[in-house]
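Secondary and tertiary structure notes
For reference, the chains in residue letters:
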Amino acid sequence: QQAAKAFKTHLEHHDKDAQVQEMYAQVLQELERYDEAKEAAGKAVQLQPDWPDALATYARCCLNCGAVREALQAFNTARLLTPADVSIANEAEEAADLYSRQLSLLVGLPLRL
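**Notes on the overall build of the chain**
- A count of helices and strands for the chain gives 6 helices and 0 strands.
- For the chain, the residues scored as buried account for 36% of the 113 residues in total.
- Of the contacts made within the chain by residues no fewer than 6 positions apart, 42% connect residues no fewer than 24 positions apart.
- Of the roughly 7,100 Å² of accessible surface on the chain, a fraction of 52% belongs to carbon and sulfur atoms.
- Each charge sign in the chain was given a centre, from 11 positive and 17 negative side chains, and these centres are 4 Å apart.

**Some thoughts on the side chain of Glu22**
- If you trace the backbone, Glu22 turns up in helix H2 (residues 18-30).
- Of the side chains with opposite charge, Arg60 lies nearest to the buried Glu22, which makes no salt bridge, at 5.8 Å.
- Those residues in contact with Glu22 that sit more than four places away from it in its chain are Ala44, Trp51, Asp53, Ala54 and Thr57.

**Here's the deal with the layout of surface pockets**
- One number sums up the size of the largest pocket: a volume of about 210 Å³.
- Lining the largest pocket are Lys8, Leu11, Glu12, Gln21, Tyr24, Leu28, Glu36, Glu39, Ala40 and Lys43.
- Contributing elements (two or more residues each) for the lining of the largest pocket: helix H1 (2-13), H2 and helix H3 (34-47).
- The residue makeup of the lining of the largest pocket, split by class, is 4 nonpolar, 1 polar and 5 charged.

**Some thoughts on the confidence of the model for the chain**
- On average, residues of the chain carry a pLDDT of 92, and 97% of them reach 70 or more.
- When mean pLDDT is taken per element in the chain, helix H4 (residues 52-65) scores highest with 98 and H1 scores lowest with 81.

**A word on H2**
- An ideal rise of 1.5 Å per residue puts 18 Å on 13 residues; H2 measures up with 19 Å between its terminal C-alpha atoms.
- Every buried residue belonging to H2 is among Ala18, Val20, Gln21, Glu22, Tyr24, Ala25, Val27, Leu28 and Gln29, and all of these are buried.
- Among the structural elements, H1, H3 and H4 are those in contact with the buried residues of H2.
- Where H2 begins, the capping side chain belongs to Asp17, and its oxygen is found 3.2 Å from the backbone nitrogen of Gln19.

**Concerning H3**
- Counted at 1.5 Å a residue, the expected span for H3 with its 14 residues is 20 Å, and the 20 Å between its end C-alpha atoms agrees.
- All buried positions along H3 are accounted for by Ala37, Ala40, Ala41, Gly42, Ala44 and Val45.
- Looking at the buried residues of H3, the elements they touch are H2 and H4.

**Some points on the packing of H2 against H3**
- Between H2 and H3, the least distance of the axes is 8 Å, while the angle of their chain directions is 160°. As the angle between them shows, H2 and H3 are arranged roughly antiparallel. For the pair H2 and H3, the crossing hand works out as left-handed. Residues Ala18, Gln21, Glu22, Tyr24, Ala25, Leu28 and Gln29 of H2 touch H3, and the partners they reach there are Tyr34, Glu36, Ala37, Ala40, Ala41, Lys43, Ala44 and Leu47.

Each value, and the rule that gives it
Residues numbered from 1 in each chain as written. Predicted model: local features only at pLDDT ≥ 70, side-chain atom pairs only at ≥ 80, totals over all residues. Heavy atoms only, no water. Helix = DSSP H or I, 4+ residues; strand = E, 2+ residues; numbered from the N terminus. Buried < 20%, exposed > 50% of the residue type's maximum accessible area, 1.4 Å probe, protein only. Contact = heavy atoms within 4.5 Å. Areas by Shrake-Rupley, 256 points an atom, 1.4 Å probe, with all protein chains shown as cover. Lys, Arg positive; Asp, Glu negative; His and termini not counted. Charge placed at Lys NZ, Arg CZ, Asp CG, Glu CD. Salt bridge = Lys/Arg side-chain N within 4 Å of Asp/Glu carboxyl O. 1 Å grid on protein atoms, 1.4 Å probe; cavity = no way out; pocket = protein on both sides within 12 Å on 5 of 7 lines; lining within 4 Å. Points joined across faces, edges and corners; volume = space filled by probe spheres on them. Nonpolar A, V, L, I, M, F, W, Y, C, P; charged D, E, K, R; others polar. pLDDT = per-residue confidence, 0-100. Expected span 1.5 Å × (residues − 1). Polar contact = N/O pair within 3.5 Å; in protein donor to acceptor, adjacent residues only side chain to side chain. Axes fitted to C-alpha atoms, helices over the stretch in contact; angles between N-to-C directions. Parallel < 35°, antiparallel > 145°, perpendicular 65-115°, else oblique. Left-handed = near helix turned anticlockwise from the far one by under 90°.

Structure follows, in structure tokens:
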């Protein structure tokens, strides 16, 4: 709680700081304030669109908000920027699988086992 307040106070005067926005998003996720986290991570990505860590944080926030397609797009962009990062690649694969399952359910197809 205190960390979130400190980040928020800092951002009131330095809202163009992508690194602080990204860290604030992580703190908000820990507090299960997912919508706010997604907003903060989105600002970090807007400020620094080629930063893989911000993209990955944004993608995780999107997953927590149920925005699977957005998450997949962000993970894939991060993956393109850091092809050697196995962690991001794995998370991108998981998001792709989740998105595929969502689409299958949406159109009434059986899920793969």
